[in-house]
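Notes for the structure review
Spelled out from the first residue to the last, the chains are:
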Amino acid sequence: MNIVVLVKQVPNTSEVRLDPKTGNLIREGVESIINPEDRHALEAALSVKERVDGKVTVVSMGPPQAIDVICEAIAMGADKGILLSDRAFAGADTWATSTTLGLALRRIADYDLIIAGRQAVDGDTAQIGPQVAEFLGVPQLTYVRHLDAREDVVIAERVLEDGCEHIEAPTPVLVTVLAELNEPRFPTVEGMIHATSKHSNIEVWNASDIGVKVQDVGLPGSLTHVVRTFTPKEARDTQHLEGSPASIASQLIDAFRQREIRLGD
Amino acid sequence: MADIVVNLEKCNGCGMCARSCPYQAIEMVDKKAVWIEDRCTLCGACLEACKFDAISGDIPSREVPLFPDHRDVWVFVEQHDGVFHRSAFELIGCARTLAADLGQQVVAAVLGDGVRDKTATLIHHGADRCVVVDHSALAYYQTCTYAHVISELISKHKPNILLIAATHLGRDLAPRVARRMGLGLTADCTRLSIDPDEKILLQTRPAFGGNIMATIVSRYSRPQTSTVRPGIMRALEPDEARTGEVVVEDVNMAECREFTKVLECVMNPDKGIDLGAAKIIVAGGRPMCSERGVSVLKDFAEAVGGQVACTRVVVEEGFLPVEHQVGQTGLTVRPEIYFACGISGAIQHKAGMDGSRYIVAINKDADAPIIEIADFAIVGDVFEILPALTKAVKEQ
Ligand SMILES: Cc1cc2nc3c(=O)[nH]c(=O)nc-3n(C[C@H](O)[C@H](O)[C@H](O)COP(=O)(O)OP(=O)(O)OC[C@H]3O[C@@H](n4cnc5c(N)ncnc54)[C@H](O)[C@@H]3O)c2cc1C
Ligand SMILES: Nc1ncnc2c1ncn2[C@@H]1O[C@H](COP(=O)(O)O)[C@@H](O)[C@H]1O
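Right, let's walk through the structure included here. Bear in mind the structure is a predicted one, so any value in this text is a computation, not a measurement.

With respect to helix 1 (residues 36–52) of chain A
Residue and element names in this part refer to chain A. Between its first and last C-alpha, helix 1 extends 25 Å over 17 residues, near the 24 Å set by a 1.5 Å rise per residue. Every buried residue of helix 1 is listed here: E37, D38, R39, H40, A41, L42, E43, A44, A45, L46 and V48. Count one or two residues on from helix 1 and you reach D53, which has phi positive near 70 degrees.

Dropping the structure here:
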């Protein structure tokens, strides 16, 4: 079974801080990591490979330094990595990103199962998986927390808002996974040495390798554009209530009574 | 690729360019603009922003098409077993404002089996027109079938704007449709408005885990499509006197290939909690992680007729089930009153509750971020304050 995993390099958003003066993101010193759910996607692929035999290829679109996530994936056990990197890909929205990833998959051609994370922590769109599936004309199974992949059919448990469903799809199929699916393994030291050596199987493809015109990808190929970014400002006029607990309680009850809200019935 | 060049003589250090850049590719160093190539996408915002002609560069120009035939604000009405999801009413409420600004109509698109007689309530809540596709294949949601029907409706009716709830279903469906129809799509919006000059949809959403907000536009395709976070927009009060048109459409299902087979659907047992509908929420954080803590919360919630909620910490520590979690990875709520008891106010928690009408914060740390967003702040020990509040409410 040929499995392709889509992995994205993202800034560790729990470390992201804002410059209090400018309101801009401070990017210096923020570590780049594999998008957390993509590690679960990779773990899912590796465990399918262990059960039914197959080959795992990781694909990432990003700047040259995104090679790091590919190396890490190979150190975890992926067989091959493809980095899609070209200045022309920069500034892509999900339309242009899914075009780029979709064309790369078309060039790979031989895939049975494509696994992506549900969403990337920098954009939180959760759109890439379904858009790549539609580009390729294959079915999609999103929000997957349990996966059973056989030769020509995949059975998944999808999380719904108020329940779950068990669903079956023929291969080739694209699956987006949740963190609950599994516990990702760690990259090994030997794996890391292999991944960064010249024997590791990593290719870098640019726009012409996937046969796309530069106006169809990156910012020029995007359909949506960011026109403004700003820091959420939510400060309210805060009224401090002071005194003994009993006095605070009656101040609060009065304050709401004045606003025509009665606490309790 | 082209370069952005700053003319240092003309640059007076005003910083307009840096503020206008959506990608932070210009920084002010020693009162001069400095271009950071790695981040630049050549969008051209800085050239437009500079009043002194100090920035030049070869920005690829792209013609913005006109869409004279695309009209109206459409809402995809999510339903399960013929029951409309609450988000449908919220989206219709939001669509009314947008449609009024454009002088266009609100259209509710309803897909399902046996739904054609249920549309009156959508009109009462603000829809001008309902377009219904009633077919047995639509009884249960399946991606490709629904994507096919929505795509057919888009081709035929040419909406200007399409809103879909950012539920699991909506976030499964919308990208599939957008890719098929060549539409720009903005995920999980929390604010929508019409640009007064350009008359396009301004779609605002959190990014980087809620650390920044981004406003996104879709100039090159129609309908302008967004998924909208449930629990944020306000539904209108139903007006039973409102009337509207109901159009039943036939869509050719033979052309649609559904790949997947649903084997089983298991609904969670009704936990009897619906935070989205609660008027008063009593939420606890880390210090409530004990049996005593939870019972102090519950006692107060019961006294005020509210529901109990919590931060992720409380769920992780196993003191309340996940249905009670408010925040980025939990629920978004906007009750009349939100009591934050021993909650620091992390950005991921605020994301789920800062739309509440009134926020009351009880925290022993006067500098906790939650205090800043509170209408009423009580600096003190929750284990003293809450029981006193419970007692006072009961006695009033
Ligand atoms: C990707 C991601 C997603 C997340 N999603 C969510 C989410 O959906 N929801 C969520 O809530 N969190 C979420 N978090 C976690 C979030 O970052 C915070 O860690 C969490 O909200 C903190 O919970 P807390 O306020 O209960 O605890 P703390 O931050 O530890 O705050 C406890 C507060 O209680 C006060 N306190 C302590 N004792 C007392 C006392 N006796 N009386 C009065 N005050 C007292 C302290 O001063 C402090 O302010 C997420 C984090 C990440 C990285
Ligand atoms: N640039 C990218 N390269 C490879 N995979 C990506 C990229 N962007 C998104 N993905 C995949 O799509 C998933 C969802 O991302 P998103 O739609 O951006 O939230 C991620 O978890 C990845 O698996």
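Following the structure, the description resumes.
Comments concerning the site of ligand 2
All names here are of chain A. Neighbouring ligand 2 are 18 residues; L6, D38, A120, T125 and A126 lie closest to it. Within the contact set of ligand 2, a nitrogen atom lies 3.4 Å away from a backbone nitrogen or oxygen of V7. Contact between ligand 2 and N35: an oxygen atom at 3.1 Å from a side-chain N or O atom of the residue. For the shell around ligand 2, the elements supplying multiple residues, two or more each, are strand 6 (55–61) and strand 8 (113–117). Among the elements that line the shell around ligand 2, the one with the most residues is strand 6, at three residues. Class assignment of the residues belonging to the shell around ligand 2 gives a composition of nine nonpolar, six polar and three charged.

Regarding the packing of aromatic side chains
The description of an aromatic ring pair uses the distance of the two centres, along with the angle that the planes make with each other. Enumeration over the complete set of coordinates arrives at six aromatic pairs over all chains. Seen from their ring centres, F84 of chain B and F89 of chain B are 6.5 Å apart, and the 70 degrees between their planes marks the pair as edge-to-face. We note that F84 of chain B, like F89 of chain B, is buried. Taken together, the ring pairs in this structure connect F256 of chain A together with Y358 and F376 of chain B into an aromatic cluster. Here the guanidinium or amino end of R107 of chain A rests over the ring plane of W205 of chain A, the centre of that ring lying 4.1 Å away. Here the basic side chain of R62 of chain B rests over the ring of Y220 of chain B, its NZ or CZ set 3.6 Å away from the ring centre.

A closer look at the site of ligand 1
Residues and elements named next belong to chain B. Surrounding ligand 1, one finds 24 residues, the nearest of these being R286, T311, T329, S344 and Q348. For ligand 1, a nitrogen atom lies 2.8 Å from a polar atom in the backbone of V326. At 2.7 Å from an oxygen atom of ligand 1 is found a side-chain nitrogen or oxygen belonging to N363. Against a free-state accessible area of 990 Å², the protein chains account for coverage of 79% of ligand 1.

Rules used in this analysis
Residues numbered from 1 in each chain as written. Chains lettered and ligands numbered in written order. Predicted model: local features only at pLDDT ≥ 70, side-chain atom pairs only at ≥ 80, totals over all residues. Heavy atoms only, no water. Helix = DSSP H or I, 4+ residues; strand = E, 2+ residues; numbered from the N terminus. Expected span 1.5 Å × (residues − 1). Buried < 20%, exposed > 50% of the residue type's maximum accessible area, 1.4 Å probe, protein only. Near = heavy atom within 4 Å. Polar contact = N/O pair within 3.5 Å; in protein donor to acceptor, adjacent residues only side chain to side chain. Nonpolar A, V, L, I, M, F, W, Y, C, P; charged D, E, K, R; others polar. Phe/Tyr/Trp six-rings, centres within 6.5 Å; stacked < 30°, edge-to-face > 60°. Lys NZ or Arg CZ within 6 Å of the ring centre and 35° of its normal. Areas by Shrake-Rupley, 256 points an atom, 1.4 Å probe, with all protein chains shown as cover.

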